[in-house]
Amino acid sequence: MPTSLQDTTTLHNGVKMPWFGLGVFKVEEGDEVIQSVKAAIANGYKSIDTAAAYQNEEGVGQAIKESGIAREDLFVTSKVWNADQGYDSTIEAFETSLNKLGLEYLDLYLIHWPVEGKYKDTWKAMEKLYKDGRIKAIGVSNFHVHHLEDLLQDAEIKPMVNQVEFHPHLAQKELRDFCKKQDIQLEAWSPLKQGQLLEDPVINEIAEKHSKSAAQVILRWDLQSGVVTIPKSAKEHRIKSNADIFDFELSAEDMEKIDGLNKDERVGPDPDNFDF
Ligand SMILES: NC(=O)c1ccc[n+]([C@@H]2O[C@H](COP(=O)([O-])OP(=O)(O)OC[C@H]3O[C@@H](n4cnc5c(N)ncnc54)[C@H](OP(=O)(O)O)[C@@H]3O)[C@@H](O)[C@H]2O)c1
C-alpha cells in the first residue's frame, strides 16, 4: 500500500509509475495550467497527466521548466488523439507533443480512445517509439476487455497501462480483473466523477469518521483498490488536500460500502459508442 505521494507501482516492464498524479483536462492553456502544474510539483506531485487533445501541453512543459524539478523525478503522460491515429500520423503526433512539452522523452504515452480499424496501426507506432527509447512505457485508454483482447492478438508489446473512467459509480469489476490477470495497470480518470460524488451520503459518513473529505476518501479507495489515480483541480488548496491521503486507511468494511455504490454509471462516453 502506498505510504506517500511519491510511492510508485512497478509496471510490467519494470518502469515505476506514481500511484497519484495531477490531471489537467479542461485546465486552460497558459496561466491556469502553468499555475496548477507548478502548485502540484511544489506540493510533492511527481506525475502529470495531459493529452494532445487538452491543448495545454505547452503550458505543462513551461511549468515543468519553471518548477526547476529534475526531469527524472517527474512522470509525464500524454496521449495520441483520435484524428492522429494510424502509423505515420502517430509518430508525427508524438513528435509534436514532445516539442510542445519541451521534453526529450515521455514516461507514458497512451492511445486516447480505441478508434476502430486504426488502433492496431497506432499501437505499432507506439511499439516503435518505445523500442527506440523515446517513451518509457506505452499504454491505452478507454479500452474495454474486448478491445484489449483484440489488441493482444497482434501486439508485440503488451500495454503497460489502461486509463479508464473509474469511480465508485463505475467500478469496472470485469475490466479490473482482466487487467490484473494480464499485469496491465489500471488508472482512473474522472476519479471524482467530475465532482458528482462529493455529496454522496455513504462517502460522507465514512469521511466524517476518518476526519477526511469526501474527495480524500474516494481517492484513498482508488489506491486501496490497486488503481492509479489522477484527480484534476486547478485550485491549489484542492491540489494539496486531494493528495493528503497517506495518513489514514479505509477498513475492509469502508471499502465494501464504497464498492456497494457501483451502478455502472458513466460521466463520459462509452468506449463502444463514441463519435469523435
Ligand atoms: N483518458 C481519457 O479519456 C480521460 C478522460 C477524462 C479525464 N482524463 C484525465 O483524468 C483527469 C481527472 O478527471 P476529470 O478532470 O475528468 O475529473 P475529476 O478529477 O473526477 O474531477 C475534477 C473536478 O472536480 C473538482 N474537484 C477536484 N478536487 C476537488 C475537491 N477536493 N473538492 C471539490 N471539487 C473538486 C475540480 O474542480 P476545480 O478544478 O475547480 O478544483 C473539477 O471540476 C483529467 O484531468 C485527465 O487528466 C482522461
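Here goes a summary of the coordinates provided. From a predicted model like this one, the values you see are computed outputs, not experimental measurements. (Residues numbered from 1 in each chain as written. Predicted model: local features only at pLDDT ≥ 70, side-chain atom pairs only at ≥ 80, totals over all residues. Heavy atoms only, no water.)

## Some points on the site of the ligand
Phase 1 of the analysis: Near the ligand lie 28 residues; those nearest to it are D49, S190, K232, S233 and K235.
Phase 2 of the analysis: Here an oxygen atom of the ligand sits 3.4 Å away from a polar atom, N or O, in the side chain of W189.
Phase 3 of the analysis: Measuring from an oxygen atom of the ligand, one finds a side-chain N or O atom of S233 at 2.6 Å.
Phase 4 of the analysis: Looking at side-chain class alone, the shell around the ligand contains twelve nonpolar, ten polar and six charged residues. (Near = heavy atom within 4 Å. Polar contact = N/O pair within 3.5 Å; in protein donor to acceptor, adjacent residues only side chain to side chain. Nonpolar A, V, L, I, M, F, W, Y, C, P; charged D, E, K, R; others polar.)

## Considering helix α8 (residues 214–224)
Phase 1 of the analysis: Of all eleven residues in α8, eleven are buried, a share of seventy percent or more.
Phase 2 of the analysis: Among the residues making up α8, those that are buried are A214, A215, Q216, V217, I218, L219, R220, W221, D222, L223 and Q224.
Phase 3 of the analysis: For α8, the elements touching its buried residues are β9 (185–189), α7 (201–210), β10 (228–229), α9 (236–242) and α10 (252–259).
Phase 4 of the analysis: Trailing α8 by a residue or two, G226 shows a phi angle of about 80 degrees, which is positive. (Buried < 20%, exposed > 50% of the residue type's maximum accessible area, 1.4 Å probe, protein only. Helix = DSSP H or I, 4+ residues; strand = E, 2+ residues; numbered from the N terminus. Contact = heavy atoms within 4.5 Å.)

## Brief notes about the sheet that holds strand β7 (residues 135–141)
Phase 1 of the analysis: One open sheet holds the eight strands; their spatial order is β3-β4-β5-β6-β7-β8-β9-β10, and the pairing between them is parallel. Unpaired on one side and paired on the other, β3 (22–23) and β10 mark the two borders of the sheet.
Phase 2 of the analysis: As paired elements, strand β4 (residues 47–49) and strand β5 (residues 75–80) share three bridges and run parallel to each other. Among the inter-strand pairings, D49 is bridged to a residue of β5, identified as T77. (Pairing = 2+ DSSP bridges.)

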